Amino acid sequence: MSTATLDKLEAEAQTSHNIKVTFRVRRFNPEVAAEATWQDFEVDIDPKERVLDGLHKIKWDQDGSLTFRRSCAHGICGSDAMRINGKNRLACKTLIKDINPAKPITVEPIKGLTVLKDLVVDMEPFFQAYRDVMPFLITKGNEPTRERRQSAEDRERFDDTTKCILCAACTSSCPVFWNDGQYFGPAAIVNAHRFIFDSRDEAGEQRLEILNDKDGVWRCRTTFNCTDACPRGIEVTKAIQEVKRALITRRY
């Protein structure tokens with residue numbers, strides 16, 4: 001069998017299971033118009049592919065001006081968080097077949113942060129809140145002569161909150177954050193939790209006082225939106241409640 005025939009068969013195999021899917025994308029370009037608009041794109045795609053693959057097909061084959069963030073494409077970097085069919089998801093982890101491709105798939109930027117262009121938002125307020133909770137190990141005294149050891153039990157205490165990839169899916173799903181961007185938001189509290197309950201850290205009181213602010217942990221209304229939105233399965237609401245309890249009891 002010739003190489004040309006093999007190439008043809010391979011191409012047919014790749015397209016034999018494709019379906020036509022409509023992507024309805026929220027477009028915004030401040031250099032063109034002051035308001036965002038919706039634009040439909042017809043995409044020929046395998047339903048086992050991801051929303052990110054569909055966006056790539058649009059950008060590469062139909063409209064190169066479509067703007068969105070993505071990097072690793074494997075659910076690790078968190079850069080491609082967006083609202084897909086009204087829910088915060090990672091485009092690289094959302095399969096076409098799992099979101100009813102018979103209807104238009106709506107894609108828009110995450111809420112609560114200023115949209116810069118199309119699906120790209122200004123993440124600086126989000127990262128500032130993250131920096132404000134001091135998301136790093138703080139200890140006193142001289143530099144140790146060996147690693148800071150920790151038992152498996154002590155590690156288990158905060159293991160869940162180490163999974164955060166800073167995608168902002170939880171924070172931008174929070175109705176309190178939508179209405180008041182000064183709120184630290186779930187992701188910042190999750191990352192504070194990770195160090196507050198670390199037995200090796202010595203700045204738990206400082207972090208608790210930071211989160212005791214009027215824009216801190218008490219703003220949470222326990223709607224569980226953040227837990228539902230987390231692509232890493234972190235029990236975000238539980239972590240927030242544990243920080244509240246630590247503030248009341250000063251035991252952690």
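Here the structure is shown first, and the text comes after it.
Residues numbered from 1 in each chain as written. Predicted model: local features only at pLDDT ≥ 70, side-chain atom pairs only at ≥ 80, totals over all residues. Heavy atoms only, no water.

1. Here's the deal with the overall build of the protein chain
- Broken down by element type, the protein chain carries 9 helices and 7 strands.
- The principal-axis extent of the C-alpha atoms belonging to the protein chain is close to 70 × 50 × 30 Å.
- Expressed as a percentage of contacts within the protein chain between residues at least 6 apart in sequence, the contacts between residues at least 24 apart total 62%.
- Total accessible area computed for the protein chain in this model is approximately 13600 Å², and 48% of it derives from carbon and sulfur atoms.
- Charged side chains of the protein chain number 39 positive and 38 negative; the gap between the two group centres comes to 3 Å. (Helix = DSSP H or I, 4+ residues; strand = E, 2+ residues; numbered from the N terminus. Contact = heavy atoms within 4.5 Å. Areas by Shrake-Rupley, 256 points an atom, 1.4 Å probe, with all protein chains shown as cover. Lys, Arg positive; Asp, Glu negative; His and termini not counted. Charge placed at Lys NZ, Arg CZ, Asp CG, Glu CD.)

2. Some remarks on the sheet that holds strand β4 (residues 87-90)
- Pairing within the open sheet is mixed, and its 5 strands lie in the order β2-β1-β5-β3-β4. Looking at the sheet topology across the chains shown, the edges are occupied by β2 (37-45) and β4. Pairwise comparison of adjacent strand axes, ignoring direction, gives a mean angle of 35° for this sheet.
- In the packing of helix α2 (residues 51-62) onto the sheet, contacts are made with β1 (19-27), β2, β3 (81-84) and β5 (105-108), and the angle to β2 comes to roughly 100°. (Pairing = 2+ DSSP bridges. Axes fitted to C-alpha atoms, helices over the stretch in contact; angles between N-to-C directions.)

These values are about where atoms sit, not about what they do.
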